[in-house]
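What follows is the residue order along each chain.
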Amino acid sequence: DLHSFPTRRSSDLGSSDPSLQVGGDYFDFVQMPDGRLGIAVADVTGKGVPAALLMANVQAGLHGQAIHPGSAAEIIGRMNDLMYASTDAHMFVTFALILLDPGTGSIESVSAGHEPTLLIRPDGSYEKLEAGGLVLGMIPGFGYTEVVARMEPGDVLVLYTDGVTEAMGPAPTPVPAIEAQAKSLVEATAHDDSGGEEEDDEAILPFFEEDRLIEVCISHRHESAEEIRRALLAAIHNFAQDVPQSDDITIVVIKREAAA
C-alpha cells in the first residue's frame, strides 16, 4: 500500500558527506510519470569541482530521462549514451538506480559499475542486487540488464557509494617486539637465497568493507530508515577514528513499514 512507504524528507532517507568542500557523490529521488519512485545513487571519478560539475550533468540527465517511459535498464542505457557523448574520456560515473512501485513493492534495480544495492529481510537474510553493466560513459549503446525483486513489509533497501566500504581506519596495533624479531628471523631464513634485501612493508590501513556494512544494517533492520542510516554513519566514524576521510560517503536507506 502507498502508506507503507511514508513520505519523508530526503535528508531523513539519505545523506552525502563530501571528503572535500565540494563532492562528486549524488543521491536523488525522482517521481516517474507512471507513479513509480526513482531512487538513484551515483559516484563520479575524482573529487572537487570537476566531479561536482559532471555530477550536475548526471542529475540533469536523470531528470530528463525520467519523463520518458522505460524500464530501469532502458533509462540507464539512455543516460550512458548521453554521458559518452558529453564526457571526457578519462571521466566516468558509477550509478545505481531503483524504480520502486509504492503500490506493490515491486522494484527494478540496475547497477552501472556501482556497489550492489542491499535488500535486507526482517529475518536477517539479504540479497545483493548486482545486475547492470559497465560504468556510465565508457561504451555507447551498451546493453544493461536489471533485476526485479519485491519489497515486502519490513524489508530494507540500502544504497551507498564506495566511500562507505573503503572508509579507512587506523593502522593495526604493532606486533610486540619479541614476535617482530621472531618474524624477521623466519623471513630472513626463508629468503636467505634471494640474493637481496627485503624492503620493509608499509603499514596498510584497514577498510570498513562490505561485511561490516551488512552486519550493521542487519543488526538495526527493525529500526526506521533514518535510524539505520544514522547507525551506519556512526559505525563508519567509530571505525575511522582519527583517520581523515579520503572519499565522499553517501548512503540512502528505504524501508517498507511492517503491516500493523
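Starting from 1, residues in each chain are numbered consecutively following that chain's sequence as written. Side-chain atom pairs in this predicted model are given and counted only at pLDDT of 80 or more, local residue features only at pLDDT of at least 70, and totals for whole chains, interfaces and linings cover all residues. To get the side-chain values, all heavy atoms of the structure are used, and hydrogens and water are removed first.

**Quick notes on unusual backbone geometry**
Threshold: Elements are defined by DSSP. Helices are runs of H or I of four residues or more, strands are runs of E of two residues or more, and each kind is numbered from the N terminus.
Positive phi is not limited to glycine here, since E209 has a value of about 70°. Look at Q241: it is not a glycine, yet its phi comes out positive at around 55°. Its location among the elements puts Q241 in the loop between helix 7 (225–240) and strand 11 (249–255).

**What about the pairing of strand 7 (residues 126–129)?**
To keep it simple, the criterion reads: Strand pairing requires that DSSP identify at least two bridges connecting the strands.
For strand 6 (residues 117–120) and strand 7, the ladder comprises four bridges, and the chain directions are antiparallel. Note on strand 7: the bridge partner recorded for L119 is E127. The hairpin formed by strand 6 and strand 7 contains five residues between the paired strands, and G124 there has a positive phi angle of roughly 95°.

**Structural notes on the confidence of the model for the protein chain**
Our working definition: The predictor rates its confidence in each residue with pLDDT, a number between 0 and 100. Should any heavy atoms of two residues lie within 4.5 Å, those residues are counted as being in contact.
Put simply, the protein chain has an average pLDDT of 82, and 77% of its residues get 70 or more. Of all helices and strands in the protein chain, the one with the weakest mean pLDDT is helix 1 (residues 10–13) (51), whereas strand 6 scores best (97). Confidence drops under pLDDT 50 across residues 1–11; counting only partners more than four residues distant or on other chains, this segment forms 22 contacts. With pLDDT under 50 throughout, residues 194–201 is counted as low confidence; its partners more than four residues away or in other chains account for one contact.

**Points about the pattern of salt bridges**
Proximity of charged atoms lets side chains of opposite charge pair with each other. Note the following rule: A pairing counts as a salt bridge when a side-chain nitrogen of Lys or Arg comes within 4 Å of a carboxyl oxygen of Asp or Glu. Each residue is assigned to one of three classes by its accessible area relative to the maximum for its type, calculated with a 1.4 Å probe on protein chains only: buried under 20%, partly exposed between the two thresholds, exposed over 50%.
Going through the model one piece at a time under the given rule, you end up with six salt bridges. For the salt bridge of R36 with D34, the shortest nitrogen-to-oxygen distance reads 2.9 Å. Between R230 and E226 there is a salt bridge; the shortest N-O distance is 2.9 Å. Taken together, the positions of R230 and E226, both in helix 7 and four residues apart, correspond to about one turn of that helix. For E226, a relative accessible area of 18% corresponds to the buried category. Beyond isolated ion pairs, a larger network of salt bridges with shared partners links D34, R36 and E108.

**Let's talk about a nonpolar patch on the surface**
Worth spelling out the cut-off: Exposure above 30% relative accessible area and the absence of a salt bridge qualify a residue for a patch, where like charges join within 9 Å and nonpolar side chains (Val, Leu, Ile, Met, Phe, Trp, Tyr) within 5 Å. Where accessible areas are quoted, they stem from the Shrake-Rupley method and a 1.4 Å probe; at the residue level, only the protein chains shown are allowed to cover.
On the surface, a nonpolar cluster with roughly 320 Å² of combined accessible area is contributed by F92, L134, M138 and I139. Following the sequence through the fold, L134 ends up in the loop between strand 8 (132–133) and strand 9 (147–150).

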